[in-house]
Amino acid sequence: NGTPHNQTTNDAKNAPWYVNVRSGSPPERVTKNQSTMATTTVDGQGMWRAWKRGFTSNVRAFKDLIDNAVDAAFDDPLVEKNNNFIGRIDIYPDVYQSTTTGICLQNNCVKSVASLEKVFVVYESSKVDSGADAVGENGVGLKQACAALSDLSFVLVKRANNELSFGVIAESLQLRGGVRLPSFNLVDNGSLYMQLSDHLNTPEYVDVKKCIARYGAIEPNDPPNFPNGMKRICEHFQSMNRRYSGHDLFEVIMDRIRHQSSKDDTVQQVDVHHEQKTRVHTLMRDIKKELPKTYLHIPDNLHFRVGKDRLEFKHWPQRLVELSSFKIKVNPNLGWNEGDTFRANDERDDSYELRIFCGFDADRATLPNSRKECTLHLHSRKSGRLICTDADARTKLQLPASGSDYSQGLTMIMDDFTGKLPLNPTKQGVAFAEERRGAVHEENLYQLVGAVAHFYYQTHLKKFKGKTQLMQQVCKFGDWANRDKRRQLKSCQGSDLTTYRVTLKKSQRRIRVDNFEVSEGEDTLCLVERTTKSREKKRKTPTNAAAERSNTEPDLPITKRRRRAAPGALQEAETSSEEIEEMRVPRRKTAKKPPSKRGEGKEEKNDVEEEMITIKKSDYEELVRGKEDLQTKLEDADKMFAPFVEGNKKLKASYTELKAKNTEFKSENKGMKAENKELKAEIKELKATKKFIPKKRK
């Protein structure tokens, strides 16, 4: 419109409005029929405000920094060249002269760290095509997390070849014309203070010098102190040399941690040192509590410390009873219910493998105020990063959500170890809308996970008489100390867990498990003690049953019973051995009458006769369990309907009372009708004798 553009640099202020500030040359004249390719600049101050609102809590923001550290320090122990590498991640408070001013995150790296000039480019990442290897893939995690936690942060890099890098992420450096993240390349030759001072004494970096001076002010009333700030930064570089050697190191220093809600902070609150100490220690406490359940597959050669405590990532093996593993195939493009062919077992090239861990959370089932419903956790990428949690996933998995069905601390963990699910930039959800057939992908995913949850829950529910007994058995494992004495804890990936191999089928509008094979694991804590049978079990199918009948041993002698069995009842066999191989089953013979003119004859029941039927012990035990389950269900039904029965009895009693009163009223009504007839007769007689004189009307 012809008005000057608001520039921030001195050159831009002196340049006329029609001169391109970046190139220094006037723009080309545009005619009516000529098109131009225009690019818009990013408002750095507006971008910073957006970054501050990107996370719901400080812990989530700090997890974004930890993701980058895990990606850098995560090493595959199977690779021979890196067998001696030990990854290290340290989180500790930034303390100067017994005063806590912020928090630091430091880690070593398997590979060489890129230059900070490249790292600071917004929305550009070298991990975009990393697949399952890296969690950070959007090029905004470092900047956004630092902005959400603090107004002033420093990034320090030390490489194995003695090259150093120093960068600043500060709100005061942001411009209306773009995001400003300055960085400097240095050399570790003993004159670090002088090298950095030479860079900062130029007019271009006066504002960066002010940031370091702010970092040098320790107490709230202290003025900015540039030499003190430079001294603290040099001390951090020296501590990096002392901690690790021989590898590239990366450190982030966040000064003056902001409150959980950035809107509640004032300058005075942020600068109070005892307030900073409380915030830093609270953040470290929350990180120490959250991280063990955030990552599933942190290897033993990655040492993770928060303060002085080393973390162990064995959260779920410690909490879950009957921890089992499933592997299913998920197709992101072709719907499982499209067309006439069932495609849940389809292993196409575009299908990916998903691992599911199932178990009963003994601690959640024991705590009185905790929710017992089926909980769904989604983990993704090689490290098994927790993406999102659904506290009650029964509706999402299309399971019955009434009462205590699919509760008892049931926990489902989806492990996207192949990294096929599209994540949003803050790693707080799945961006299915990014895919062309995202709705189909989402439907297939939760249908298959729901089928596994249904099968797993029903399999273990059959071991008990009902949900109450299952809940009581799960609560017996609520004591952590008792469980630790039983077995040595391992990570999910390193544990020998009970593994199921399932085939699926279509059941009405859902997917259900058809056949399965199970291999029991030594590290799985079982609800019921295992028998001495083989660890390999198969589900009874017509094919397997026929094969087993052909391989059975010769029949044992038939045992006689002294008592006559009741018609239609299943009786146990009395055998001399412990194995029950045969049993008497009453059978009713029927005969037909000769066909009549109207139709076929009806069956006529004769006396009951017994005959021997060979049955295996496993089938017999299954029938007995089914009978006990039915009896338990009948008892539960009786308990449920007991108040209704009592109410019915009361209604019947009140009904009889009302009926008796009704008969009394009817008899009284008959007497009154008889008296009325007599009165009418007397009135007629009086009228006939003219002695009846009616009252005069007014």
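Placed above this text is the structure.
Residues numbered from 1 in each chain as written. Predicted model: local features only at pLDDT ≥ 70, side-chain atom pairs only at ≥ 80, totals over all residues. Heavy atoms only, no water.

Give me the lowdown on unusual backbone geometry, citing residues and values where you can.
In this structure, Arg256 is a non-glycine residue whose phi angle is positive, near 60°. Examined against the element boundaries, Arg256 turns out to sit in the loop between β6 (248-255) and α9 (267-271). A positive phi angle, close to 75°, is found at Arg381, a residue other than glycine. Examined against the element boundaries, Arg381 turns out to sit in the loop between β11 (375-380) and β12 (385-390). Looking at Arg381, the relative accessible area reads 3%, which means it is buried. (Helix = DSSP H or I, 4+ residues; strand = E, 2+ residues; numbered from the N terminus. Buried < 20%, exposed > 50% of the residue type's maximum accessible area, 1.4 Å probe, protein only.)

If you had to explain the sheet that holds strand β3 (residues 152-158) to someone new, which residues and values would you point to?
With mixed pairing, the eight strands of this open sheet are ordered in space as β5-β4-β3-β6-β2-β1-β7-β8. Of all the strands in the sheet, just β5 (183-187) and β8 (309-310) have a single pairing partner and so form its edges. As judged from the five bridges shared by strand β4 (residues 163-170) and β5, these two strands associate in the antiparallel manner. When the bridges of β5 are listed, Ser165 appears paired with Asn185. Taken strand by strand, helix α3 (residues 58-73) contacts β1 (87-96), β2 (99-109), β6 and β7 (302-306), and its axis lies near 30° from that of β2. Across the sheet, helix α5 (residues 141-149) is in contact with β3, β4 and β6; its angle to β6 comes to roughly 30°. (Pairing = 2+ DSSP bridges. Contact = heavy atoms within 4.5 Å. Axes fitted to C-alpha atoms, helices over the stretch in contact; angles between N-to-C directions.)

Go over a nonpolar patch on the surface, please, and point to the residues and values.
Together, Met640, Phe641, Phe644 and Val645 make up an exposed nonpolar region whose accessible area comes to about 440 Å². In this fold, Met640 is placed in helix α17 (residues 617-688). (Patch = residues over 30% accessible without salt bridge, like charges linked within 9 Å, V, L, I, M, F, W, Y side chains within 5 Å. Areas by Shrake-Rupley, 256 points an atom, 1.4 Å probe, with all protein chains shown as cover. Salt bridge = Lys/Arg side-chain N within 4 Å of Asp/Glu carboxyl O.)

An account of the pattern of salt bridges is needed here, citing residue identities and associated values.
Under the defined criterion, the tally for this structure stands at 21 salt bridges. Here Arg285 ties to Asp286 by a salt bridge, and the two come within 3.5 Å at their closest N and O atoms. Of the charged contacts, one joins Arg371 and Asp392 as a salt bridge, the two residues approaching to 3.8 Å between their closest N and O atoms. One end of the pair, Arg371, is in the loop between α12 (362-366) and β11; the other, Asp392, is in the loop between β12 and β13 (410-416), with 21 residues separating them in the sequence. Of the residues examined, Arg371 reaches a relative accessible area of 45% and is grouped as partly exposed. Taking relative accessible area as the criterion, Asp392 reaches 26% and is therefore assigned partly exposed. Here the residues in one salt-bridge network are Arg371, Glu373, Asp392 and Arg394, joined through shared partners.

Spatial relationships are all this shows, so hold off on functional conclusions.
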